[in-house]
Amino acid sequence: MIQTNRDEALLLSQKVDLNVPIDSMHQALRIALYDEYHARAVYMKVMERFGSIQPFANIVDAENRHIEELLYLFNKYNLEPPIDDWSSKVQAEATLVENCEMGVAAEI
């Protein structure tokens, strides 16, 4: 059975919604972690297509560190992290140049 995030619309909006029955700190952490999962999945797809090349390999390492730090906060505050369901939702662009452009836009 595939699990999904019950608050996926909130996670994708990347905006804390004070009308949602999850406190704003928990929302912000869930949004941040989901975004890091997304970035890592995209960069991993690039490496699946083009190999473990720079700068994508370094960026995946950085995304992993960001995820670890956010998961530490989830554990510290006894909060439920979102499910990482991005690997089947993303794909790499056709060319390395397009992936670099996408990466720059995503990191801004």
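Look a little higher up for the structure.
Remember, predicted model here, so these are calculated numbers, not experimental data. (Residues numbered from 1 in each chain as written. Predicted model: local features only at pLDDT ≥ 70, side-chain atom pairs only at ≥ 80, totals over all residues. Heavy atoms only, no water.)

Trainee: Which residues make up the side chain of Asp7, and what are the values?
Mentor: With respect to the helices and strands, the residue Asp7 is situated in the segment before helix H1 (8-13). In this structure the side chain of Asp7 is engaged in a polar contact, spanning 2.7 Å, whose partner is the side chain of Arg30. Asp7 has contacts with Ile22 and Arg30, leaving out every residue within four places of it along the chain. (Helix = DSSP H or I, 4+ residues; strand = E, 2+ residues; numbered from the N terminus. Polar contact = N/O pair within 3.5 Å; in protein donor to acceptor, adjacent residues only side chain to side chain. Contact = heavy atoms within 4.5 Å.)

Trainee: Lay out the layout of surface pockets in plain terms, naming residues and giving numbers.
Mentor: Here the largest pocket defines a volume of roughly 180 Å³. Around the largest pocket, the lining residues are Asp35, Glu36, His38, Ala39, Val42, Tyr43, Glu63, Met102, Ala106 and Glu107. Looking at which element gives the most residues to the lining of the largest pocket, the answer is helix H2 (residues 24-50), with six residues. Taken together, the residues that form the lining of the largest pocket break down as five nonpolar, one polar and four charged. (1 Å grid on protein atoms, 1.4 Å probe; cavity = no way out; pocket = protein on both sides within 12 Å on 5 of 7 lines; lining within 4 Å. Points joined across faces, edges and corners; volume = space filled by probe spheres on them. Nonpolar A, V, L, I, M, F, W, Y, C, P; charged D, E, K, R; others polar.)

Trainee: Pulling in residues and values, what's your account of the pattern of salt bridges?
Mentor: Scanning all chains against the criterion turns up five salt bridges. Between Asp7 and Arg30 there is a salt bridge, with the nearest N and O atoms lying 2.7 Å from each other. Within this pair, whereas Asp7 is found in the segment before H1, its partner Arg30 is found in helix H2, the two being separated by 23 residues in sequence. When salt bridges with common partners are traced through the structure, they connect Glu8, Asp85 and Lys89 into a single cluster. (Salt bridge = Lys/Arg side-chain N within 4 Å of Asp/Glu carboxyl O.)

Trainee: Give a detailed account of helix H3 (residues 56-76), specifying residues and quantitative values.
Mentor: The end-to-end C-alpha distance of H3, which contains 21 residues, comes to 30 Å, matching closely the 30 Å that a straight helix rising 1.5 Å per residue would cover. Every buried residue of H3 is accounted for by Phe56, Ala57, Val60, Ala62, Glu63, Ile67, Leu70 and Phe74. The inward-facing, buried residues of H3 abut H2 and helix H4 (96-107). Phi turns positive, to about 55°, at Asn78, one or two residues after H3. (Expected span 1.5 Å × (residues − 1). Buried < 20%, exposed > 50% of the residue type's maximum accessible area, 1.4 Å probe, protein only.)

Trainee: Hey, could you go over the environment of Cys100 for me, with residue numbers and the actual values?
Mentor: Here Cys100 is to be found in helix H4. Assessed through its relative accessible area of 33%, Cys100 is described here as partly exposed.

Trainee: I'd love a proper account of the packing of aromatic side chains, names of residues and values included.
Mentor: Going through the model one piece at a time under the given rule, you end up with two aromatic pairs. An angle of 45° between the planes, with centres 5.1 Å apart, marks the rings of Tyr34 and Trp86 as tilted. Pair noted here: Tyr34 is in helix H2 and Trp86 is in the loop between H3 and H4, with a separation of 52 residues, a long-range link. Classification of Tyr34 by relative accessible area gives buried; the value is 1%. You can call Trp86 buried: its relative accessible area is 9%. Pairing Tyr43 with Phe56 gives two aromatic rings, centres 5.9 Å apart and planes at 40°, and the pair type is tilted. Within this pair, whereas Tyr43 is found in helix H2, its partner Phe56 is found in helix H3, the two being separated by 13 residues in sequence. (Phe/Tyr/Trp six-rings, centres within 6.5 Å; stacked < 30°, edge-to-face > 60°.)

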